[in-house]
Amino acid sequence: MKSSNPVLSRLGQAAERERTAGYGYGEPYPTGPGYAAAPPVAQPMTIDDVVVKTVILLGITGISAIAAWNLIPNSVVGVAWFGAAIVGLILGLIISFSRVANPALVVTYAVVEGAFVGLVSEAFENFYNGIVLQAVVATFGVFFLMALLYKSRVIRATPKFTKGLIAVMGGLFMIMILNLVLSLFGVHTGIREGGAIGIIFSIVCIVVASLSFILDFDQIEQGVRMGLPQRYSWTCAFGILVGLIWLYLEILRLLSYLQGSSRD
């Protein structure tokens, strides 16, 4: 089956190569004198596998966030924050462009991003009491809403939807990078400030981050249907984790804008 999701298409091609090689899909394997022992059978991925891996990664991220919040001294918060952001970005890119997600790298990414999220959350909580809990509740609320919309087929990952959303996400990423570079030279565009432009940009990011879960759900569903090996569940779980972290940070930022304006 051909997928409209480019990542899944790449995984599907890898799985097809493994099927052709006859490894782990119930293919006949020659035995007898002169033949090596048959390789172990690779179990196909299931939705439960993805759920378990996702819960594990969320648990690791949460523990890392709590540890960073409580253990990293204020004197090194800035360095730790910047370091975690850079390392997390590099690991995320490596995992994203890998054919199959390495469990060790994915777990390391969860630890690093957890530290980053914990430090960011601490900074926001110090200014806006209770904002972290609100952001967490809103994040998982949006996630389960998108799961319901996908399950009921209200929103579907059609080829046009997939290509359009990927293009928008790429555009937003480039805008964020450009804004960061400009800010280093003292140029402020307003998209990451509390004004109207910043609020609108955050809302757009939240909408796009929410819709990205549709691609994740489609990847999981089609991956199970295509019989991808169990280890691909780490790739799917990684995608969900990235979406949840992005959505949480954008909601956290938007809530800070709204609470900040209400104090004026």
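Conventions we followed
Residues numbered from 1 in each chain as written. Predicted model: local features only at pLDDT ≥ 70, side-chain atom pairs only at ≥ 80, totals over all residues. Heavy atoms only, no water. Phe/Tyr/Trp six-rings, centres within 6.5 Å; stacked < 30°, edge-to-face > 60°. Helix = DSSP H or I, 4+ residues; strand = E, 2+ residues; numbered from the N terminus. Contact = heavy atoms within 4.5 Å. pLDDT = per-residue confidence, 0-100. Buried < 20%, exposed > 50% of the residue type's maximum accessible area, 1.4 Å probe, protein only. Lys, Arg positive; Asp, Glu negative; His and termini not counted. Salt bridge = Lys/Arg side-chain N within 4 Å of Asp/Glu carboxyl O.

1. Focus on the packing of aromatic side chains
Here's step 1: Applying the stated criterion across every chain, the model contains eight aromatic pairs.
Here's step 2: Cluster of aromatic residues (ring-pair linked, three or more members): F143, F144, Y150, F213 and F217.

2. Examining the environment of V77
Here's step 1: Mapped onto the fold, V77 is located in helix α3 (residues 77-96).
Here's step 2: Put simply, V77 and V120 are 43 residues apart on the chain and 9.6 Å apart in space, counted from C-alpha to C-alpha.
Here's step 3: In this view, V77 contacts I72 and L119; residues no more than four positions away in its chain are not counted.

3. Structural notes on the confidence of the model for the chain
Here's step 1: For the chain, per-residue confidence averages 84 on the pLDDT scale, and residues scoring 70 or more make up 83% of the total.
Here's step 2: Low confidence marks residues 1-8, where pLDDT is under 50. Its contacts with residues over four positions away, or in another chain, come to 26 contacts.
Here's step 3: Confidence drops under pLDDT 50 across residues 22-29; counting only partners more than four residues distant or on other chains, this segment forms 18 contacts.

4. Digging into the side chain of E113
Here's step 1: Within the secondary structure layout, E113 lies in helix α4 (residues 103-127).
Here's step 2: Among buried charged residues, E113 stands out as having no salt bridge; its nearest opposite-charge side chain is R253, 12 Å away.
Here's step 3: The contact partners of E113, leaving out residues within four places of it in the chain, are A84, G88, L89 and I245.

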